[in-house]
Amino acid sequence: MTDSRWPLALVGGGAGSFIGNVHRMAAGLDGRFHLVAGAFSSHPDRAREAASRYTVDPARAYPDYRAMIATEAARADGARVIAIAAPNHLHLPVARAALEAGMAVISDKPATATLEEAIELRAIVTRSRAPYALTYTYTGYPMLREARHVCLSGALGEIRKAVVEYPQGWLAEDVENHGSRQALWRTDPAQAGHGGCIGDIGVHAFNALEFVSGLRVRRLCAQLSTVVPGRALDDDCNLLLTLGAQEAPAVLQASQIATGSRNGLRLRLWGTAGGLDWCHEAADRLVIDRADGTTEIRHAATPGLSDIALAASRLPPGHPEGFVEAFANIYRDFADLIAGAQPACLQGIDEGVRGMAFVHHAITSSRQRQWVDFTMPNGETAR
């Protein structure tokens, strides 16, 4: 390649897509990737329109991801990395086709539509040995990485309690029946999979909890509700959890019918020596409360932060960074993975399987109305 950037192709991201353009911006921010092709839509006209919007050659806008992968793999200048920004039911088949063609894959979460598919995908990733990662966006924020550092350093002592909440209000009405294409596929079991809210944002809350605490969920008791009449999937989730071998109590709430709420992911942890508080709507700050009654507020990009937080900070202190920059940190980590490094914060197929196991166990618990053990197909135990 004369161009040092990795040539990237995008699956999804057509008209009405929010996340497709985020992929484009994030992938290009550090000059490590270049969007050269896409299967943006199965409709040729929409595919060409999206190509124009993304400044991609219309001749490389494909109406079918299989044709795109085959054609691009055969080109000397063809895409070598596939980004998946399509509905969940396409995650497994697209990833399979790309990985079997020797391409690296970076995919929206959740990894697949079902746990069974995630297990199958893990086998494909292992067999292919091609780089694979998931865009659990919030793990890209500097101060969530700082929160992870604080927990893993032992500064909070032994974790005793955790609360993670993720309220949204955009599905408080049946917008899927009134023109919202994003809502339409997210509320359709054939496209979203078995979980609604639990699979869309519940997995983000679950992943953030395990990422920061360094502990695995061991047991859970879930109540998944469908609040809006006529909806086929859950839109409100309330869970009790236990963390790690000590079975520390935790609470996870995720809702898409919290009227008026925007994107309020918040994580709080308390240990024997203190607690921490991170909120997405004030993402450049981390609040640490200590047992002696003192409070410290750490700000992004300031001296004294951990290396992983400073490496993820892009601007001087006081200059807000947001969603695209966090997403770009994940793309930068992925470029490092392709180059042979092992980025500490990058979420891969193992986290993808855990996310789908979380959805599976939450649905099972809710249906049975009882606590269930968080088991993994590979026999992994909590720590």
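Residues numbered from 1 in each chain as written. Predicted model: local features only at pLDDT ≥ 70, side-chain atom pairs only at ≥ 80, totals over all residues. Heavy atoms only, no water.

Colleague: When you look at the sheet that holds strand β5 (residues 132-134) in this model, what are you seeing that I'm missing?
Modeller: Strand pairing in a sheet relies on backbone hydrogen bonds, with the paired strands running either antiparallel or parallel. With respect to topology, five strands assemble into an open sheet ordered β2-β1-β3-β4-β5, the strand pairing being parallel. Sheet topology places β2 (33-39) and β5 at the edges, where each strand pairs with a single neighbour. Averaged over all pairs of adjacent strands, the angle between strand axes in this sheet comes to 20 degrees, irrespective of strand direction. Pairing of strand β3 (residues 81-85) with strand β4 (residues 104-107), which is carried by four bridges, proceeds in the parallel orientation. (Pairing = 2+ DSSP bridges. Helix = DSSP H or I, 4+ residues; strand = E, 2+ residues; numbered from the N terminus. Axes fitted to C-alpha atoms, helices over the stretch in contact; angles between N-to-C directions.)

Colleague: Explain the side chain of serine 306 to me, please; I cannot follow it from the model alone.
Modeller: Along the polypeptide, serine 306 turns up in the loop between β13 (295-299) and α10 (307-312). Under the relative-accessibility criterion, serine 306 is labelled buried at 7%. In this structure, serine 306 is in contact with Glu146 and His149, ignoring residues within four places of it in sequence. (Buried < 20%, exposed > 50% of the residue type's maximum accessible area, 1.4 Å probe, protein only. Contact = heavy atoms within 4.5 Å.)

Colleague: What's the story with the packing of helix α6 (residues 142-152) against helix α9 (residues 197-213) in this structure? I'm lost.
Modeller: The geometry of α6 relative to α9 is characterised by a closest axis approach of 7 Å and an angle of 45 degrees between their N-to-C directions. Judged by the angle between their axes, α6 and α9 are oblique. The segment α6 lies against α9, with Leu144, Arg145, Ala147, Arg148, Cys151 and Leu152 engaging Ala208, Phe211, Val212 and Ser213. When the residues that make up the contact of α6 with α9 are grouped by side-chain class, the tally is seven nonpolar, one polar and two charged. (Parallel < 35°, antiparallel > 145°, perpendicular 65-115°, else oblique. Nonpolar A, V, L, I, M, F, W, Y, C, P; charged D, E, K, R; others polar.)

Colleague: Please clarify how the nonpolar core should be interpreted in this entry.
Modeller: When a protein is soluble and globular, its nonpolar side chains tend to lie buried together. Ile82, Leu239, Leu269 and Phe358 are the most contacted members of the largest nonpolar core, which has 89 residues in total. Here this core gets 10 residues from one element, more than from any other, and that element is α9. Once you skip the residues sitting within four places of it in the chain, leucine 269 turns out to touch Cys151, Leu156, Ile159, Lys161, Ala162, Leu209, Val212, Ser213, Gly274, Gly275 and Leu276. Of all hydrophobic cores here, the second largest spans 30 residues; its members include Leu10, Ala104, Ala335 and Leu337. (Core = buried A, V, L, I, M, F, W, Y, C linked by side-chain atoms within 4.5 Å.)

Colleague: Quick question: what am I supposed to make of the pattern of salt bridges here?
Modeller: Side-chain pairs of opposite charge can arise where the charged atoms are in close proximity. The final tally for this structure, using the stated rule, is 25 salt bridges. Between aspartate 45 and arginine 48 there is a salt bridge, with the nearest N and O atoms lying 2.5 Å from each other. Taken together, the residues span about one helical turn, with aspartate 45 and arginine 48 both in helix α2 (residues 44-53) at a distance of three residues. As a salt-bridge pair, arginine 298 and glutamate 146 come within 2.7 Å of each other at their nearest N and O atoms. Taken together, the residues arginine 298 in strand β13 and glutamate 146 in helix α6 connect sequence positions 152 residues apart. Note on glutamate 146: relative accessible area 0%, which makes it buried. Salt bridges sharing common partners tie together Arg60, Glu72, Arg75 and Asp77. (Salt bridge = Lys/Arg side-chain N within 4 Å of Asp/Glu carboxyl O.)

Colleague: Would you mind showing me how to read the sheet that holds strand β12 (residues 285-290) here?
Modeller: With mixed pairing, the nine strands of this open sheet are ordered in space as β13-β12-β11-β10-β6-β9-β8-β7-β14. The open sheet terminates on both sides in strands that have one partner only, identified here as β13 and β14 (372-373). Alignment of β12 against β13, held across five bridges, turns out to be antiparallel. Across the sheet, the residue bridging to aspartate 289 is threonine 295, located in β13. In the packing of helix α12 (residues 349-368) onto the sheet, contacts are made with β7 (217-225), β8 (236-243), β9 (248-255) and β14, and the angle to β7 comes to roughly 60 degrees.

Colleague: Help me out: how do you make sense of unusual backbone geometry in this one?
Modeller: Backbone phi values are negative for most residues with the exception of glycine, while trans is the configuration of most peptide bonds. That bond from lysine 109 to proline 110 is cis: its omega, -10 degrees, falls within 30 degrees of zero. Mapped onto the fold, proline 110 is located in the loop between β4 and α5 (115-128). For arginine 129, which is not glycine, the phi dihedral falls at a positive 60 degrees. Positive phi outside glycine occurs at glutamate 247, with the angle close to 55 degrees.

Colleague: Would you mind going over the environment of isoleucine 106 with me for this structure?
Modeller: With respect to the helices and strands, isoleucine 106 occurs in strand β4. Given a relative accessible area of 0%, isoleucine 106 falls into the buried group. Here isoleucine 106 is in contact with Val81, Ile82, Ala83, Ile84, Ala133, Thr135, Ile330, Tyr331 and Phe334, once residues within four sequence places are set aside.

Colleague: Just checking my understanding: could you explain α6 for this structure?
Modeller: In an α-helix, one full turn covers 3.6 residues, which means residues spaced three or four apart are oriented alike. Most of α6 sits inside the fold, with nine of its 11 residues counted as buried. Taken as a whole, α6 has its buried residues at Pro142, Met143, Leu144, Arg145, Glu146, Ala147, Arg148, Val150 and Cys151. Remark: glycine 154 follows α6 within two positions and exhibits a positive phi of approximately 85 degrees.

Colleague: Just to check I follow, could you spell out helix α1 (residues 19-28) for this structure?
Modeller: By the burial criterion, the buried members of α1 are Ile19, Gly20, Val22, His23, Ala26 and Ala27. For α1, the angular spread of buried residues about the axis comes to 160 degrees, placing them on one side. On its buried face, α1 is in contact with β1 (6-12), β2, β3 and α11 (323-338). (Arc of directions from axis to C-beta.)

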